[in-house]
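# Understanding the architecture of this molecule
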Amino acid sequence: MKIVITELNWPIGIERLRERGWEVVYDPDLWHNRVRLKEELALADAVIVRNQTRVDANLLAWSDRLKVVGRLGVGLDNIDLQRTADSGIKVIYGKNANATSVAEYVIAGIFACSRLLKEAASDVKSGKWNRIKYTGTEVFGKTLGLIGLGEIGHRVAARAKALGLHIIGHDPFVSPYDYPVMETGIELASYERVIAESDYISLHIPLTASTRDLIHLETMKSMKNTAILINSARGGIIHEADLNLALEQRIIGGAVLDVLGGEPPAADHPLLMRENCLITPHIAGLTEESQIRTSEMVSNEVASELEGRPSLCRVHVNRTQ
């Protein structure tokens, strides 16, 4: 077997494949060298990617032997799922392996906007002692609105509840008797109510045709002018030009973005200039612990598929032919 890994991967995942005696080609920069990528895939049985590698018609045509695509994460918008299904190629993803890390990122984002510890500490080091300027706000008693109540949204809610936040959420696929509502205490609400009543709004939905630019200027005009918008899901869900205007005009209080429509952003991207916008380099799910789990899981599940054992982490899409 030959496995090609085109992006950053933790050593344990590579070891799990090599200990089977398989050939593993690992180059974290291979994804943007399409010429070499084509050469390596010619005899590949599986390819393991993150979010930069476009698993499209061209890539799939480069190997007659390709049987499995492994995704080091949960987002699947860079993989043509219909084409892989029609080609009989199995797609494996890191099911829930980084959910705890993303949930903790959201909580960190909430605190980063309510208690400006780093800024206050930097101010003190510069010789100042400005207690009024760095008077923060409590998160206790505030409302956290979740758009999407899947695995990550549920874990965010469990942590937020412990902090005393009131949690409301919208998800058309969650019923009143599902676990996030019955056991975690998320109050189901309409999309419009979540937008209007929340002090913090956190997005936990995939990027699809229906969710692209879901959060636009009119949406933000319906938010509290102190609301903080947190996106650890996918770039493209928020209309970035509209967000820039909303931040500039203080239509909303601020934003915490781990994802953008184009990554990395251009040096002159307007959101980089906004004092009330925190942008991180797509690291919400990137902790040492989560990457060990993700790397090992995806390698093991890819191996299972190659050895003829269906994976519990397989993406199911109906074939059209």
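Residues numbered from 1 in each chain as written. Predicted model: local features only at pLDDT ≥ 70, side-chain atom pairs only at ≥ 80, totals over all residues. Heavy atoms only, no water.

By the naming in an unreviewed UniProt entry, the protein goes by Hydroxyacid dehydrogenase and is assigned to Paenibacillus nasutitermitis. Looking at the Sequence similarities (unreviewed entry) heading of the UniProt record, one finds this comment for the protein: "Belongs to the D-isomer specific 2-hydroxyacid dehydrogenase family." (UniProt positions renumbered as here; feature names shortened; annotations may be inferred.)

Moving on to the environment of S198. Following the sequence through the fold, S198 ends up in the loop between α9 (191–197) and β9 (200–203). According to the relative accessible area criterion, S198 is buried, its value standing at 0%. With 150 residues separating them in the primary sequence, S198 and I48 have C-alpha atoms 38 Å apart. One polar contact links the side chain of S198 to the main-chain amide nitrogen of G145, over a distance of 3.3 Å. (Helix = DSSP H or I, 4+ residues; strand = E, 2+ residues; numbered from the N terminus. Buried < 20%, exposed > 50% of the residue type's maximum accessible area, 1.4 Å probe, protein only. Polar contact = N/O pair within 3.5 Å; in protein donor to acceptor, adjacent residues only side chain to side chain.)

Residue P264 is reached from E263 by a cis peptide bond, and omega for that bond is -10°. Note that P264 resides in the loop between β11 (254–257) and β12 (277–279). Phi is positive for D213, close to 55°, though the residue is something other than glycine. As for its position among the elements, D213 is in the loop between β9 and α10 (217–221). A relative accessible area of 32% means that D213 is categorised as partly exposed. Phi is positive for R250, which is not a glycine, with a value near 60°. Within the secondary structure, R250 is located in the loop between α11 (240–248) and β11. Since its relative accessible area comes to 49%, R250 is described here as partly exposed.

Where helix α1 (residues 11–18) contacts helix α12 (residues 288–306), the two axes come as close as 7 Å, and the packing angle between them is 20°. Relative to α12, the element α1 is oriented roughly parallel. Here α1 and α12 pass one another in a crossing that is right-handed. Residues I12, G13, I14, R16 and L17 of α1 lie in contact with α12, whose contacting residues are I292, S295, E296, S299, N300 and A303. Along the lines of polarity and charge, the residues of the contact of α1 with α12 split into five nonpolar, four polar and two charged. (Axes fitted to C-alpha atoms, helices over the stretch in contact; angles between N-to-C directions. Parallel < 35°, antiparallel > 145°, perpendicular 65-115°, else oblique. Left-handed = near helix turned anticlockwise from the far one by under 90°. Contact = heavy atoms within 4.5 Å. Nonpolar A, V, L, I, M, F, W, Y, C, P; charged D, E, K, R; others polar.)

Let us now look at the nonpolar core. Judged by nonpolar contacts, the single largest core of 29 residues is most densely connected at L203, I215, M223, L229, L243, I252 and L257. Of all the secondary structure elements, the ones that give two or more residues to this core are α9, β9, α10, α11 and β11. If you look at the next biggest cluster of nonpolar residues, it comprises 25 residues, including V102, Y105, I107 and L146. (Core = buried A, V, L, I, M, F, W, Y, C linked by side-chain atoms within 4.5 Å.)

Moving on to the pairing of β9. Along β9, one buried face is formed by Y200 and S202 and the opposite face, lined by I201 and L203, is buried too. Examined bridge by bridge, β9 and strand β10 (residues 228–231) share four bridges and lie parallel to one another. Across the sheet, the residue bridging to L203 is N231, located in β10. (Pairing = 2+ DSSP bridges.)

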